[in-house]
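Descriptive analysis of the structure
Below, each chain spelled out in residue letters.
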Amino acid sequence: MNIKTVMVIGAGQMGSGIAQVCAQAGYKVILNDLKDEFVEKGLGVISKNLSHQVQKERMTEDEKNNILSNLVKSTNLGDAKEADIVIEAAVENMNIKAKIFADLDQIAPEHTILASNTSSLPITEIAAATKRPEKVIGMHFMNPVPVMKLVEIIRGLATADEVYQVIEDMTKTLNKVPVEVNDFPGFVSNRVLMPMINEAIYTLYEGVATKEAIDEVMKLGMNHPMGPLTLADFIGLDTCLYIMETLHEGFGDDKYRPCPLLRKYVKAGWLGKKTGRGFYIYD
């Protein structure tokens, strides 16, 4: 199958990043969101990212304009009828994702592959909302998408081998590294990362060390580029809590129980960098 047109649903941080790398690879990209202002904001982020590349002389102004010309705005899910693949990057909520996939199944052509950028939700359950579960797959990009090389490709129970191969090949055209993962809660990345972050929060909660000390130990002792509490603030504490709850529910194992301090911060609205306060305070 030859992929020419990609539709990305969700023009937020992840969706705009996915749209950017697809446009850079020469695909026609339909960037979709609920409101025009959301799409415009996403396109603004892409344009700003590309302008930085021009300033650093990593691309020319003409190359930037060519990439932007590959992007088409959309607020109508019906535009999926033009797509060879749809990559959903909407909010991390099973009911919302299932509704989107059920609608896409009615709209998109028979050959269209439906992919989800979910970071923790089961692909098999998302696929069950459609009548084409063999064409549903997970493409979990890492944040920030234009920079990070990894894409976890998650097979659902019914995902066809040829669909997996198409997605693996496409991922390579995006200058990313595809890694095959089976459909378990949190996949590999978040199953390993989030309990580490949660344990760091417990370490703070129990008074073992200050937040600065915990982050310093992991940076200097384990060679992590940033400490786990700083990373949690960047990811969003609400997202961290949601993924821990997904792991806890999915495995039924108390080793995935979210730290009470994480719950308290989320209830306080201290969600990290995006709200100006999490474990650290941001101007």
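Look above for the structure.
The written sequence of each chain sets the order in which its residues are numbered from 1. Two thresholds apply to this predicted model, a pLDDT of at least 70 for residue-level local features and 80 or more for giving and counting side-chain atom pairs, whereas whole-chain, interface and lining totals are computed over all residues. The side-chain values count all of the structure's non-hydrogen atoms but skip hydrogen atoms and water molecules.

This brings us to the pattern of salt bridges. A pairing counts as a salt bridge when a side-chain nitrogen of Lys or Arg comes within 4 Å of a carboxyl oxygen of Asp or Glu. All told, the structure shown has 13 salt bridges when counted by the stated rule. E40 serves as the salt-bridge partner of K73, at 2.5 Å between the closest nitrogen and oxygen. Of this pair, K73 sits in strand β3 (residues 71-74) while E40 sits in helix α2 (residues 36-55), placing them 33 residues apart in sequence. Look at K73 and you get partly exposed, because its relative accessible area is 41%. Across the pair K97 and E88 runs a salt bridge whose closest N-O atoms are separated by 2.4 Å. Taken individually, K97 and E88 each receive the classification buried, so the pair is uniform in this respect. Residues participating in the shared-partner salt-bridge network are E88, E92 and K97. The helix count covers DSSP runs of H or I at least four residues long, the strand count covers runs of E at least two residues long, and both are numbered beginning at the N terminus. To sort residues, take the accessible area from a 1.4 Å probe on protein chains only and compare it with the maximum for the residue type: under 20% means buried, over 50% means exposed, and anything in between is partly exposed.

Here the focus is helix α6 (residues 161-173). Multiplying one less than the number of residues by 1.5 Å gives the expected span of a helix. With 13 residues, α6 extends 19 Å from end C-alpha to end C-alpha; this agrees with the ideal 18 Å at 1.5 Å per step. Here α6 has its buried residues at V163, Y164, V166, I167, E168, M170 and T171. At the exit of α6 stands N175, carrying a positive phi of roughly 65°.

Right, let's get into the packing of aromatic side chains. Two numbers describe a pair of aromatic rings. These are the distance of the centres and the angle of the planes. Note on aromatic pairs: the rings of Phe, Tyr and Trp (six-membered ring only in Trp) are paired at centre separations within 6.5 Å, and the planes decide the class, stacked below 30 degrees, edge-to-face beyond 60, tilted for the rest. In total, this model carries 4 aromatic pairs according to the counting rule given. A ring pair is formed by Y202 and Y205, whose centres lie 6.3 Å apart and whose planes are at 65°; its orientation type is edge-to-face. Of this pair, Y202 and Y205 are both found in helix α7 (residues 189-205), 3 residues apart, which corresponds to roughly one turn of the helix. Under the relative-accessibility criterion, Y202 is labelled buried at 12%. Two limits define a charge over a ring: the Lys NZ or Arg CZ must be within 6 Å of the ring centre, and within 35 degrees of the ring normal. A cation over a ring is seen here: R155 above Y164, with NZ or CZ 4.5 Å from the ring centre. The ring of Y280 has K211 lying over it, and the distance from NZ or CZ to the ring centre is 5.6 Å.

Axis separation between helix α9 (residues 228-235) and helix α10 (residues 237-251) bottoms out at 6 Å; the angle between their running directions is 100°. The angle between α9 and α10 falls in the class roughly perpendicular. Contacts between α9 and α10 pair A232, D233 and I235 from the former with L237, T239 and C240 from the latter. The class makeup of the residues in the contact of α9 with α10 is 4 nonpolar, 1 polar and 1 charged. Note on geometry: axes are lines fitted to C-alpha atoms, helical ones only across the stretch in contact, with angles between N-to-C directions running from 0 to 180 degrees. For classification, angles of less than 35 degrees are called roughly parallel, those exceeding 145 degrees roughly antiparallel, those between 65 and 115 degrees roughly perpendicular, and all remaining angles oblique. By definition, residues are in contact when any of their heavy atoms lie within 4.5 Å. Gly is placed with the polar residues, together with every amino acid not listed as nonpolar (Ala, Val, Leu, Ile, Met, Phe, Trp, Tyr, Cys and Pro) or charged (Asp, Glu, Lys and Arg).

Everything listed is a geometric property; what it means functionally is a separate question.
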